[in-house]
Amino acid sequence: MRTITSMKPEYLLPSLELVEQVFTEHENADEGKLVRALVEEIRSKKYYLPELELLMLEDGDVIGYVMFSRFHIEGKYEDRLVLLSPAAVKTSCQRQGISRALIEYGFRKAAEMGFTAAMVEGNPANYRSRGFNTSARRGIVAGPNIHLPHEDCLMVAELVPGGLEGIRGEVDYGFYDILSE
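Reading guide: rules and limits
Residues numbered from 1 in each chain as written. Predicted model: local features only at pLDDT ≥ 70, side-chain atom pairs only at ≥ 80, totals over all residues. Heavy atoms only, no water. pLDDT = per-residue confidence, 0-100. Helix = DSSP H or I, 4+ residues; strand = E, 2+ residues; numbered from the N terminus. Buried < 20%, exposed > 50% of the residue type's maximum accessible area, 1.4 Å probe, protein only. Pairing = 2+ DSSP bridges. Right-handed = clockwise from strand over helix to strand, strands pointing away. Core = buried A, V, L, I, M, F, W, Y, C linked by side-chain atoms within 4.5 Å. Contact = heavy atoms within 4.5 Å. Axes fitted to C-alpha atoms, helices over the stretch in contact; angles between N-to-C directions. Salt bridge = Lys/Arg side-chain N within 4 Å of Asp/Glu carboxyl O. Phe/Tyr/Trp six-rings, centres within 6.5 Å; stacked < 30°, edge-to-face > 60°. Expected span 1.5 Å × (residues − 1). Arc of directions from axis to C-beta.

**Student:** Break down the confidence of the model for the chain for me, citing the residues and quoting the values.
**Tutor:** Chain-level pLDDT for the chain is 95 on average; 99% of the residues reach the 70-or-more range. The secondary structure element of the chain with the lowest average pLDDT is helix α5 (residues 177-180), at 76, and the one with the highest is strand β2 (residues 53-58), at 98.

Take a look at the structure:
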């Protein structure tokens with residue numbers, strides 16, 4: 001049986017191992033280590049929201065993972081905006097709706113907590129069906145230190161109607177050391 005839960009201490013290490021494994025398999029070992037280190041850093045910062053670090057479990061094993069954390073743009077909106085990063089599903093379990101279920105659950109939970117919008121950087125083909133659209137069309141653009149393959153790779157989604165109203169500016173990941181190296 002599959003269940004969704006927020007992070008619990010016994011899943012801290014298995015979730016890191018899943019993230020590293022998935023990104024290593026789909027990108028390379030360096031990317032796997034980088035994304036694992038990003039999760040560890042987010043967990044150590046003030047933007048971490050343990051109730052929005054979500055797992056899909058099957059018979060006690062972690063098969064899916066998403067993390068939503070507070071995010072700010074130019075020092076604003078951190079009480080309204082969350083960042084979805086990373087998302088990972090065990091390779092043998094992909095294409096089974098696991099990431100969709102985790103993201104939709106996370107959207108509902110984040111909205112209940114008062115957040116109004118979510119942002120993600122990634123392949124638009126993976127996120128458009130989840131309600132994400134190009135952020136540049138909403139006035140949220142990648143800052144000079146963010147190198148996207150295409151502007152469509154930075155996306156936002158409203159968690160509530162009008163949730164992006166008034167949110168504008170340049171995105172910068174500079175407050176995460178691992179992304180500034």
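Structure shown, so let's carry the discussion forward.
**Student:** Kindly report on the pairing of strand β5 (residues 117-121), identifying the contributing residues and their values.
**Tutor:** With four of five residues buried, β5 lies mostly within the body of the structure. As paired elements, strand β4 (residues 81-89) and β5 share three bridges and run parallel to each other. Bridge assignment links Leu81 to a residue of β5, and that residue is Ala117. Chirality of the crossover, the property in question, places the unit of β4, helix α3 (residues 98-112) and β5 among those that are right-handed. Direction of pairing for β5 relative to strand β8 (residues 154-158): antiparallel, over a ladder of five bridges. Counterpart to Glu121 in the pairing with β8 is Leu154.

**Student:** Pulling in residues and values, what's your account of the nonpolar core?
**Tutor:** Among the nonpolar cores identified, the biggest contains 37 residues, and Tyr65, Phe71, Ile73, Met119, Ile140 and Val171 are the most heavily contacted of them. With five residues, the single largest contributor to this core is helix α1 (residues 12-26). With near-sequence residues (within four places) excluded, Met119 lies in contact with Phe71, Leu81, Val82, Leu83, Leu84, Phe132, Ile140, Leu154, Met155, Val156 and Val171. Phe68, Val82, Ile98 and Ala157 belong to the second largest nonpolar core, which has 24 residues in total.

**Student:** How would you sum up the sheet that holds β8? Please name residues and give values.
**Tutor:** Within the open sheet, the seven strands sit side by side as β1-β2-β3-β4-β5-β8-β6. Their pairing is mixed. What marks the edges here is a single partner per strand, and that holds for β1 (2-6) and β6 (133-134). Packed onto the sheet, helix α2 (residues 29-44) meets β2, β3 (61-70) and β4 and runs at close to 55° relative to β3.

**Student:** How would you sum up the pattern of salt bridges? Please name residues and give values.
**Tutor:** Applying the stated criterion across every chain yields a total of eight salt bridges. Here Glu53 makes a salt bridge to Arg43, at a shortest N to O gap of 2.7 Å. With a gap of 10 residues between them, Glu53 in strand β2 and Arg43 in helix α2 connect regions that are remote in the sequence. Of the two residues, Glu53 and Arg43, neither departs from the other in class, the shared state being buried. When the shortest N-O distance is used, the salt bridge between Glu158 and Arg138 registers 3.5 Å. With a gap of 20 residues between them, Glu158 in strand β8 and Arg138 in the loop between β6 and β7 (140-142) connect regions that are remote in the sequence.

**Student:** Kindly report on the packing of aromatic side chains, identifying the contributing residues and their values.
**Tutor:** Across all of its chains, the model carries seven aromatic pairs by this definition. For the pair Phe175 and Tyr176, a centre-to-centre distance of 4.6 Å together with 50° between the ring planes defines the contact as tilted. Across this residue pair, the class does not change: Phe175 and Tyr176 are buried. Site record: aromatic cluster; members linked through ring pairs are Tyr47, Phe71, Tyr173, Phe175 and Tyr176.

**Student:** Give me α3: which residues, what numbers.
**Tutor:** Relative to the 21 Å expected for 15 residues at 1.5 Å per residue, α3 spans 21 Å between its end C-alpha atoms, a close match to the ideal helical length. Turning to α3, its buried residues number three or more, namely Ile98, Leu102, Ile103, Gly106, Phe107 and Ala110. For α3, the angular spread of the buried residues around the axis is 165°, confining them to a single face.

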